[in-house]
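Architecture and fold: a report
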Amino acid sequence: MFYHAGVLAVILALSTSRAYGAGFSYDPSAPDGPGNWEKLGDNDCGGSENSPLAIEDRDCDEYAAYTFNAGTCTVKDATFTINNHGVKVDYPDDGSCERPTFEMPGKGRGGIYTALQFHIHTGSEHTIDRVTFGAEMHIVHQKLDCDEDQQRCYAVVGTKLNPASLSDSKPFQDFLLGWVEIHNDQEAGCDDGTPIDYRASRIGTSEHENTVLNPYAFNEKSQFFHYAGGLTTPPCSEIVWWNLDVKTAAISPEQYTALVRIILGYRENCEKKTVAYNGSSSRPTQPQFGRTVWKICPPLTETDATKL
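Residues numbered from 1 in each chain as written. Predicted model: local features only at pLDDT ≥ 70, side-chain atom pairs only at ≥ 80, totals over all residues. Heavy atoms only, no water.

**Observations concerning the nonpolar core**
For clarity, the cut-off: Side-chain atoms within 4.5 Å are what join buried Ala, Val, Leu, Ile, Met, Phe, Trp, Tyr and Cys residues into a set we call a nonpolar core. The cut-offs for exposure are 20% and 50% of the maximum accessible area for each residue type, with area from a 1.4 Å probe on protein chains only; residues under the lower value are buried, those over the upper are exposed, and the others partly exposed. Secondary structure counts use DSSP, requiring at least four H or I residues in a row for a helix and at least two E residues in a row for a strand, with both numbered from the N terminus.
Among the nonpolar cores identified, the biggest contains 46 residues, and Phe 102, Phe 118, Ile 120, Phe 172, Leu 176, Trp 179 and Leu 213 are the most heavily contacted of them. With 6 residues, helix H2 (residues 170–188) is the single largest residue contributor to this core. Core analysis: the next-biggest nonpolar cluster, separate from the first, contains 19 residues, Ile 55, Ile 128, Cys 146 and Leu 244 among them.

Structure follows, in structure tokens:
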């Protein structure tokens, strides 16, 4: 597998917990806030192909199929972490289980991409017709056998989340319980600890531990906004094919409240250390600079299916 030197520099950041290192914040008035990220060292945060974007909805531009494979990795195979600006799940890279993959359509950039991790931002990063959402989930992938002359060897599948369901989302519950367990363990060591009593009886059960952790549960048969962009946190490397699900996934208000409490309540040595601002750990939208955003829809009939 071949990579540009610049891509090699961010592989570690994408595939390990160090992707969420300290050194920046979401406070717009802070020296390390989003407007100053490009000054924080050698990065691409002032580039012309940054993310997220303010997207305008429209009719389908292309008809092509995305395919998703959940793999075999279970809750107990994955590594759940909480850090100063979000929650994250890493998939093992030791071959102990089959990691999730998806096949992205498109001549040249299409192919099979393997999931490295997924994470969630409070507040939506992308906007659709100027509408924001409660949270945004990003599944970060690496392309199999990426050619050395390709700038983008990574793809993100993004899902907007809103607390709009009267009942819990089962797929989201599988994610959330892993973070609830970590949060409660951290809080137990603090005099003023505030554990979260969300489905605590299921934590550690064989039913939960052996559940396949499917990050694509919200994405089957979806339409996607597709464009060339970058990471939404420093170093903002412009190496990503973005695939933002057009539809918004619904979770319950109880699940959303627990998610926000976990992210905003992150502590180190019992001292709050979140870098979120006003409840948000999302980067403001960036200039589009003439980039094309395609709306790719599933083929309706054989004659609808076209290649990019």
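**So, helix H4 (residues 253–264)**
Inclusion rule: By this rule the span expected of a helix is its residue count minus one, scaled by 1.5 Å. Whether two residues touch is decided by their heavy atoms; if any such pair falls within 4.5 Å, the residues are in contact.
Look at H4: 16 Å from first C-alpha to last across 12 residues, which is about the 16 Å you get at 1.5 Å a residue. Looking at H4, one finds that the buried residues are Gln 255, Ala 258, Leu 259, Val 260, Ile 262 and Ile 263. Buried residues in H4 make contact with strand E4 (79–83), strand E5 (86–90), strand E7 (111–122), strand E9 (135–143) and H2.

**Quick look at the state of the cysteines**
Counted only if it meets this: Disulfides are defined as cysteine sulfur pairs within 2.5 Å.
By the definition in use, this model includes 4 disulfides. Between the sulfur atoms of Cys 60 and its disulfide mate Cys 297 the distance is 1.9 Å. With the S-S bond torsion at -90°, the cross-link from Cys 60 to Cys 297 turns out left-handed. Remark: Cys 297 occurs in strand E15 (residues 294–297) and Cys 60 occurs in the loop between strand E1 (54–55) and strand E2 (62–63); sequence separation between them is 237 residues. We classify Cys 60 as partly exposed; its relative accessible area is 26%. Each sulfur of the disulfide joining Cys 73 and Cys 97 lies 2.0 Å from the other.

Honestly, it's all geometry; don't read function into it.
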